[in-house]
Amino acid sequence: MKEKSTELTPTQIKRALEHIKTPEMAQKLVEESNAQDEWAALISKLSTAKLVEQLALNSAYTKNGSTIALTLRNSQAHLNTDKAQGELLDALNSELGEECQLTVEIGDSGITPLELRDTLYQGKLQQAFDSLEEDSHVKFFEQRFAAELDRDSVRPI
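A quick note: this is a predicted structure, and the numbers were derived from the prediction, not measured.

**Thoughts on the overall build of the protein**
Next, step 1: Across its full length, the protein holds seven helices and three strands.
Next, step 2: When the elements of the protein are put in sequence order from the N terminus, they spell out α-α-α-α-β-β-α-β-α-α.
Next, step 3: A total of 157 residues make up the protein; the buried ones form 35% of that total.
Next, step 4: With an accessible surface of roughly 10000 Å², the protein has 51% of that area assigned to carbon and sulfur atoms.

As structure tokens, then:
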């Protein structure tokens, strides 16, 4: 019998990420990313328009003194407008209680809150695969009926 790989392939990860997550899973990912990342937590406290929020969520964050530097992903460069930067800076100044300067560069450095959420989701997806691979009921069906797990249908809960 051929040995099955338990590692997620890039194709499986891509397919899983393309599927719509339940509102509960999306909320869980937001909460976990907020707990792990200062920038994600700060974004969740801001009252901004959705496009401005997307600018922030698609950017890696560093703060040095009163200077905030964001690195926006190239695929989201269209979000980088003077108006969006101004609204984001106003919201950040208000939340942080200080006057900051904001710079936005296009690049790949750092990790964005959305990338963190995807990483968290990939971990949950791997756990779901591992759990199903070890489940005695699943093993029974695989052995008894020569069944195969439809890996593309697996979603973490």
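Still to come is the rest of the account.
**Some remarks on the packing of helix α2 (residues 23-36) against helix α6 (residues 113-134)**
Next, step 1: Remark: α2 packs on α6, axes separated minimally by 9 Å, with the N-to-C direction vectors making an angle of 115°. In this structure, α2 meets α6 at a crossing whose hand is right-handed. Facing α2, whose interface residues are M25, K28, L29, V30, E32, S33 and Q36, α6 presents L116, R117, L120, Y121 and K124.
Next, step 2: Looking at the contact of α2 with α6 residue by residue, the class counts come to six nonpolar, two polar and four charged.

**Considering the sheet that holds strand β2 (residues 67-72)**
Next, step 1: The sheet built from three strands is open, its strands ordered β1-β2-β3 with mixed pairing. The two strands at the open ends of the sheet, each matched to only one other strand, are β1 (59-64) and β3 (101-106). On average, each strand axis in the sheet is inclined to that of its neighbour by 20°, with strand direction left out of account.
Next, step 2: In this sheet, β3 lies alongside β2 in parallel orientation, the contact comprising six bridges. Each bridged residue has a counterpart across the sheet, and for L70 the counterpart in β3 is V104.

**Looking at the packing of helix α4 (residues 50-57) against α6**
A pair of packed helices is characterised by two quantities: the angle between their axes and the separation of those axes.
Next, step 1: Two elements in contact, α4 and α6, have axes separated by 7 Å at closest approach and are oriented at 70°. Relative to α6, the element α4 lies roughly perpendicular. Of the residues in α6, those touching α4 at Q54, A56 and L57 are P113, L114 and R117.

**As for unusual backbone geometry**
Next, step 1: You will see that A146, though not glycine, has its phi angle at about 55°, which is positive.
Next, step 2: As for its position among the elements, A146 is in the segment after α7 (136-145).
Next, step 3: The exposure class assigned to A146 is exposed, which follows from its relative accessible area of 65%.

**Observations regarding the packing of aromatic side chains**
Next, step 1: Evaluated as defined, the whole model comprises four aromatic pairs.
Next, step 2: Each ring, one from W39 and one from Y61, has its centre 4.4 Å from the other, and the planes form 5°; the classification is stacked. Here W39 is found in helix α3 (residues 38-45), whereas its partner Y61 is found in strand β1, with 22 residues between them in sequence.
Next, step 3: Judged by its relative accessible area of 2%, W39 falls in the buried class.
Next, step 4: Take Y61: its relative accessible area is 14%, and that puts it in the buried class.
Next, step 5: Site record: aromatic cluster; members linked through ring pairs are F140, F141 and F145.
Next, step 6: One Lys or Arg, K21, reaches over the ring of Y121 and ends 4.5 Å from the middle of that ring.
Next, step 7: Above the plane of the ring of F129 lies R151, whose end atom (NZ or CZ) is 4.2 Å from the centre.

Criteria and thresholds
Residues numbered from 1 in each chain as written. Predicted model: local features only at pLDDT ≥ 70, side-chain atom pairs only at ≥ 80, totals over all residues. Heavy atoms only, no water. Helix = DSSP H or I, 4+ residues; strand = E, 2+ residues; numbered from the N terminus. Buried < 20%, exposed > 50% of the residue type's maximum accessible area, 1.4 Å probe, protein only. Areas by Shrake-Rupley, 256 points an atom, 1.4 Å probe, with all protein chains shown as cover. Axes fitted to C-alpha atoms, helices over the stretch in contact; angles between N-to-C directions. Left-handed = near helix turned anticlockwise from the far one by under 90°. Contact = heavy atoms within 4.5 Å. Nonpolar A, V, L, I, M, F, W, Y, C, P; charged D, E, K, R; others polar. Pairing = 2+ DSSP bridges. Parallel < 35°, antiparallel > 145°, perpendicular 65-115°, else oblique. Phe/Tyr/Trp six-rings, centres within 6.5 Å; stacked < 30°, edge-to-face > 60°. Lys NZ or Arg CZ within 6 Å of the ring centre and 35° of its normal.

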